[in-house]
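The chain contents come next:
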Amino acid sequence: MQYFGIGFLVLIFLEIMSIVWVVDWLGGGWTLFVMALSFISGIFMLRHTGISGLLLAGAAVRSGQNISLYQMLWPIRYTAAAVFLLSPGFISTAVALLLLIPFKGNAAVSSTQSFQSRQTYSSAKDDEDIIEGEYTVTRTGKADKPQDYIEHKPD
């Protein structure tokens, strides 16, 4: 934790130097275009996932099947890559692209034993013969006038 501040300063320096190197290599206009493109794609990635991506990781764990570590961490990696794409530099863009590389992991988590005890039980067994609802009575005879209200008849 004591080296976090120094590491952050080194990262800022490397980001600035990467921008300078890319400007020297591509030119100012193309560098600005690539940085704007990475920023816009980061915004679209964040809008695409939102909080639902993190909930997807939880749902994958609760599904009761063997789940690889890749499947659990993909929504988190996707969101982190989107945040890295928002940063104006090419080191963070390279880290974001590394996070987006798909790789296949082994089935590392067996969630059947850890989440099997969390099954919810409903009290629907006691009330299986009750059907709740509303109904309307419509009369089609000419003598009866139309009825636009709900009529409940006693049993």
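None of these values were measured; they are calculated from a predicted model. (Residues numbered from 1 in each chain as written. Predicted model: local features only at pLDDT ≥ 70, side-chain atom pairs only at ≥ 80, totals over all residues. Heavy atoms only, no water.)

Caption draft 1: Here's a closer look at helix H2 (residues 28-49). Over its 22 residues, H2 extends 32 Å from the first C-alpha to the last, a length consistent with the 32 Å expected when each residue adds 1.5 Å. Taken together, the buried positions of H2 are occupied by Thr31, Met35, Ser38, Gly42, Met45 and Thr49. Down the axis of H2, the sector holding all buried residues measures 85°, keeping them to one side. Exposed side chains of H2 directed beyond 90 degrees from the buried face belong to Gly29, Trp30, Leu32, Phe44, Arg47 and His48. (Helix = DSSP H or I, 4+ residues; strand = E, 2+ residues; numbered from the N terminus. Expected span 1.5 Å × (residues − 1). Buried < 20%, exposed > 50% of the residue type's maximum accessible area, 1.4 Å probe, protein only. Arc of directions from axis to C-beta.)

Caption draft 2: Quick peek at helix H1 (residues 4-26). In this model H1 runs 32 Å from its N-terminal to its C-terminal C-alpha over 23 residues, within 8% of the 33 Å that 1.5 Å per residue would give. Looking at H1, one finds that the buried residues are Glu15, Ser18 and Val22. Contact partners of the buried residues in H1: H2 and helix H5 (90-99). In the segment just after H1, Gly27 is the residue with positive phi, at about 110°. (Contact = heavy atoms within 4.5 Å.)

Caption draft 3: Quick look at the environment of Ala96. Examined against the element boundaries, Ala96 turns out to sit in helix H5. In sequence terms Ala96 and Arg77 are 19 residues apart; their C-alpha atoms lie 8.6 Å from each other.

Caption draft 4: Seen up close, the environment of Leu37. Along the chain, Leu37 turns up in helix H2. C-alpha of Leu37 to C-alpha of Leu86: the two residues are 49 residues apart in sequence and 9.7 Å apart in space.

Caption draft 5: Spatial organisation of the packing of H1 against H2. Two elements in contact, H1 and H2, have axes separated by 7 Å at closest approach and are oriented at 125°. In this view, H1 runs oblique relative to H2, as classed from their interaxial angle. Judged by the twist between their axes, the crossing of H1 over H2 is right-handed. Across the interface between the two elements, Ile19, Val22, Val23 and Leu26 of H1 pack against Gly28, Trp30, Thr31 and Met35 of H2. Of the residues belonging to the contact of H1 with H2, the class tally is six nonpolar, two polar and no charged. (Axes fitted to C-alpha atoms, helices over the stretch in contact; angles between N-to-C directions. Parallel < 35°, antiparallel > 145°, perpendicular 65-115°, else oblique. Left-handed = near helix turned anticlockwise from the far one by under 90°. Nonpolar A, V, L, I, M, F, W, Y, C, P; charged D, E, K, R; others polar.)

Caption draft 6: Representation of a nonpolar patch on the surface in the model. A cluster of nonpolar side chains, Met1, Phe4, Phe8, Leu9, Leu11, Ile12, Ile16, Val20 and Trp21, forms an exposed patch at the surface whose accessible area comes to about 1,000 Å². For Leu11, the location among the structural elements is in helix H1. A relative accessible area of 36% places Leu11 in the partly exposed class. (Patch = residues over 30% accessible without salt bridge, like charges linked within 9 Å, V, L, I, M, F, W, Y side chains within 5 Å. Areas by Shrake-Rupley, 256 points an atom, 1.4 Å probe, with all protein chains shown as cover. Salt bridge = Lys/Arg side-chain N within 4 Å of Asp/Glu carboxyl O.)

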